[in-house]
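# Structural overview for review
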Amino acid sequence: MPANGSKTLTPMSPYTATIPPKLPLLGIDLGYSATQASCGIATIDGISESLEFGDCIEWTANYLNTNGPHVLILEAVLSTYHNPEGNPANRGDFEKGRGWYHGPGVSTFAAALRFLNQLEIHYQGNQTIPLVEGFLSYKPKKTTHADDAKRLVNEFHTA
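The following refers to the structure shown.

The rules we used
Residues numbered from 1 in each chain as written. Predicted model: local features only at pLDDT ≥ 70, side-chain atom pairs only at ≥ 80, totals over all residues. Heavy atoms only, no water. 1 Å grid on protein atoms, 1.4 Å probe; cavity = no way out; pocket = protein on both sides within 12 Å on 5 of 7 lines; lining within 4 Å. Points joined across faces, edges and corners; volume = space filled by probe spheres on them. Helix = DSSP H or I, 4+ residues; strand = E, 2+ residues; numbered from the N terminus. Nonpolar A, V, L, I, M, F, W, Y, C, P; charged D, E, K, R; others polar. Buried < 20%, exposed > 50% of the residue type's maximum accessible area, 1.4 Å probe, protein only. Polar contact = N/O pair within 3.5 Å; in protein donor to acceptor, adjacent residues only side chain to side chain. Contact = heavy atoms within 4.5 Å. Phe/Tyr/Trp six-rings, centres within 6.5 Å; stacked < 30°, edge-to-face > 60°. Pairing = 2+ DSSP bridges. Axes fitted to C-alpha atoms, helices over the stretch in contact; angles between N-to-C directions.

## A word on the layout of surface pockets
- There is about 700 Å³ of room inside the largest pocket.
- The wall of the largest pocket is formed by 35 residues, among which Glu-75, Arg-98, Pro-104, Thr-108 and Leu-136 lie closest to the centre.
- Broken down by secondary-structure element, the contributors of at least two residues to the lining of the largest pocket are α2 (104–122), β6 (129–134) and α3 (145–154).
- For the lining of the largest pocket, the element with the most residues is α2, which contributes three residues.
- Every residue along the wall of the second largest pocket is listed here: Ile-73, Val-132, Glu-133, Gly-134, Phe-135, Leu-136, Arg-151, Leu-152, Glu-155, Phe-156 and Ala-159.
- Among the elements of the structure, β6 and α3 are those that each provide at least two residues to the lining of the second largest pocket.
- In terms of residue count, the dominant contributor to the lining of the second largest pocket is β6 (three residues).
- The class makeup of the residues in the lining of the second largest pocket is seven nonpolar, one polar and three charged.

## Re the side chain of Asp-29
- Looking at the element boundaries, Asp-29 is found in strand β2 (residues 25–29).
- The buried category is assigned to Asp-29, whose relative accessible area is 5%.
- A polar side-chain atom of Asp-29 sits 2.8 Å from a polar atom in the side chain of His-145.
- Setting aside residues up to four positions removed in sequence, Asp-29 forms contacts with Ser-38, Cys-39, Gly-40, Glu-75, His-145, Asp-148, Ala-149 and Leu-152.

## Topic: the packing of aromatic side chains
- Applying the stated rule across the entire model yields two aromatic pairs.
- For the ring pair Tyr-32 and Phe-53, a centre distance of 4.8 Å and an interplane angle of 70 degrees mean the geometry is edge-to-face. Note that Tyr-32 is positioned in the loop between β2 and β3 (39–43) and Phe-53 in helix α1 (residues 53–67), a separation of 21 residues in sequence.
- Its relative accessible area of 9% is what places Phe-53 among the buried residues.
- The interplanar angle of 10 degrees and the centroid separation of 4.8 Å between the aromatic rings of Trp-59 and Tyr-63 together place this pair among those described as stacked.

## What about the sheet that holds strand β5 (residues 71–75)?
- The strand order across the open sheet built from six strands is β1-β6-β5-β2-β3-β4, with neighbouring strands paired in mixed fashion. Strand pairing shows two members of the sheet lacking a second neighbour, β1 (15–16) and β4 (48–51), which therefore form its edges.
- Sheet topology places β3 next to β4; four bridges connect them, and they run antiparallel. From the neighbouring strand, Ala-42 faces β4, where its bridge partner is Ser-48.
- Contacts from α3 reach β2, β3, β4, β5 and β6 within the one sheet, and its direction differs from that of β2 by about 145 degrees.

Structure, rendered in C-alpha cells:
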C-alpha cells in the first residue's frame, strides 16, 4: 500500500471464468521442457501440433491476436488448495499421489504461471479470455501432447 494509505489499483486480468456459449475452443497441453516439444495445441477447426514451451506462448498469442478470443483450456495446474494452517494440500482424492504442490504437479504449476504471465504481455486484444483448467490423468496408454490437446477440445462440452 502506498505511504499515503490509498490503495493501488491493479489492471483487470485479461482472463475470466465466464464462458460465452459460442466462443471457439483452444486446448493446450502445457509442458515445461528446456529442449523438447512438451506442449500440445489444438483448435476446434483442426489445428494440432506439439511445440516447445516458448513457441507455444508465441503461437498462442499470435493465434488469439489474429483470431480473437477463444476459451483457453490449459492442461496445467491453475487451482490450488491450502489447508486451514496455510499449508499446500491435495484438492481431493483424485490427486492422491499426484498433488499439485509436489512431483510433476509443481512444474506444471510453474509452467502455467509463466505461460499466463507471458501471454498477458503478448496478447493485444481488448476482450477477456475465458480460462479453464483441463485435467487429463491416468490415461490407459501414452499419448502425444498434440493428442492430449485435441482431447481437451473434443471432450470439453462433455467433461
